[in-house]
Amino acid sequence: MNYTRALALLSAIWAVMLAWSGWAPFDRATWLMEVAPVLIALPVLWLTRKAFPLTPLALVLTGLHGIVLMLGGAYTYARVPIGFEVQEWLGLARNPYDRFGHLMQGFVPAIVFREMLLRLSVLRPGLLLTVLLLACCLAVSASYELIEFGAAMALGQGAEEFLGTQGDPWDTQWDMLMCLIGAALALLALSPLHDRQLSRL
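Every chain's residues receive numbers from 1 upward, in the order its sequence appears when written. Confidence filtering applies because this is a predicted model: local features only for residues at pLDDT of at least 70, side-chain atom pairs given and counted only at 80 or more, and all residues used for totals across whole chains, interfaces and linings. Heavy atoms throughout the structure, all of them, feed into the side-chain values; hydrogens and water do not.

## Quick look at the overall build of the protein chain
Broken down by element type, the protein chain carries eight helices and zero strands. Starting at the N terminus, helices and strands are each numbered in turn, a helix being any DSSP run of H or I of at least four residues and a strand any DSSP run of E of at least two. Along the protein chain, helices (α) and strands (β) appear in the sequence α-α-α-α-α-α-α-α when read from the amino end. Across its three principal directions, the C-alpha atoms of the protein chain cover 50 × 35 × 35 Å. As presented, the protein chain carries roughly 10700 Å² of accessible surface, and 73% of it is formed by carbon and sulfur atoms. Counted as positive: Lys and Arg. Counted as negative: Asp and Glu, with His and the chain ends omitted from the count. A charged residue contributes its charge at one atom only: NZ of Lys, CZ of Arg, CG of Asp or CD of Glu. For the protein chain, the distance from the average position of its 12 positive side-chain charges to the average position of its 14 negative side-chain charges is 19 Å. Exposure was quantified through the Shrake-Rupley algorithm and a 1.4 Å probe, taking into account, for residues, occlusion by the shown protein chains and nothing else.

Right, dumping it as structure tokens:
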């Protein structure tokens with residue numbers, strides 16, 4: 001499948017998911033804040049499809065991350081049904097979907113940033129690239145936590161669904177740790193596959 005067709009398929013899947021998640025979300029303001037990255041990413045992907053087509057790995061991961069965001073937007077992260085199932089299976093004290101969402105917040109950007117840096121800079125695979133990628137992913141996570149902070153200050157109690165802390169005073173720190181773990185896992189597990197796909201561009 002060529003890149004334009006793959007992007008069209010991703011767009012169709014996202015459009016269906018957006019319609020479903022936005023039909024009757026638990027909280028409309030939370031839904032909008034959660035799906036905002038999808039609404040930004042899709043036009044960017046189309047505008048850059050000729051100048052900077054992503055590898056299949058980066059495109060698939062981006063698509064999956066969008067679905068994770070839209071599920072969280074529909075239910076709020078603390079109420080995603082599959083999270084309750086996992087909570088029961090593992091005997092957890094809270095719905096872990098929020099933790100999974102932040103794991104993906106590192107897992108996917110690690111590969112997308114890796115692709116950008118390897119294609120657009122003089123950097124090559126190695127320690128410096130790895131450290132820089134981990135730092136970039138942590139920066140994304142910290143920026144998102146600051147957005148949540150801003151939303152909480154602006155909306156007061158109305159931001160509780162967006163924050164999704166579930167009563168955990170260390171939620172912000174856990175979120176950033178999960179992002180870091182996700183980024184490290186992606187680099188360890190997917191770098192060889194990513195390098196092979198980059199070599200074919």
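## Considerations on the environment of Ala78
By the element assignment, Ala78 lies in the loop between helix H3 (56–75) and helix H4 (81–90). Ala78 sits 54 residues away from Ala24 along the chain, and the two C-alpha atoms are 17 Å apart.

## Let's talk about the layout of surface pockets
Counted as a void, the second largest pocket has a volume near 270 Å³. Counting residues per element, the ones that place at least two in the lining of the second largest pocket are helix H1 (3–23) and H3. Put simply, the grid is 1 Å and covers the protein atoms alone, a cavity is a trapped set of points that fit a 1.4 Å probe, a pocket is an open set with protein on both sides within 12 Å along at least five of seven lines, and lining residues have an atom within 4 Å of a point. Grid points are joined across faces, edges and corners, and a volume is the space filled by probe spheres set on the points.

## Remarks on helix H5 (residues 97–120)
One less than the number of residues in a helix, times 1.5 Å, gives the span that helix is expected to have. Taking 1.5 Å per residue, 24 residues should reach 34 Å; H5 reaches 34 Å between its end C-alpha atoms and fits that length. Residue burial is assigned from relative accessible area. The probe radius is 1.4 Å, only protein chains are included, and a residue is buried under 20% of its type maximum, exposed over 50%, and partly exposed in between. Most of H5 is tucked away: 18 of the 24 residues are buried.

## So, H3
Spanning 20 residues, H3 covers 29 Å between terminal C-alpha atoms, matching the ideal 28 Å at 1.5 Å per step. With 14 of 20 residues buried, H3 lies mostly within the body of the structure. Where H3 ends, the next residue or the one after it, Thr76, has phi of about 75 degrees, a positive value.

## Some details on the nonpolar core
Residues grouped as a nonpolar core are buried Ala, Val, Leu, Ile, Met, Phe, Trp, Tyr and Cys residues, joined through side-chain atoms within 4.5 Å. Leu45, Leu54, Leu59, Leu61, Met70 and Ile111 are the most contacted members of the largest nonpolar core, which has 40 residues in total. Of all the secondary-structure elements, those providing two or more residues to this core are H1, helix H2 (28–47), H3, H5, helix H6 (127–155) and helix H8 (171–199). When residues in this core are grouped by element, the largest group, eight residues, is from H5. Contact between two residues is taken to exist if any of their heavy atoms lie within 4.5 Å; hydrogens are not considered. Ignoring anything within four residues of it in the chain, the contact list for Leu54 reads Tyr3, Leu45, Leu59, Thr62, Glu115 and Arg119.

Keep in mind these numbers describe shape, not what the thing actually does.
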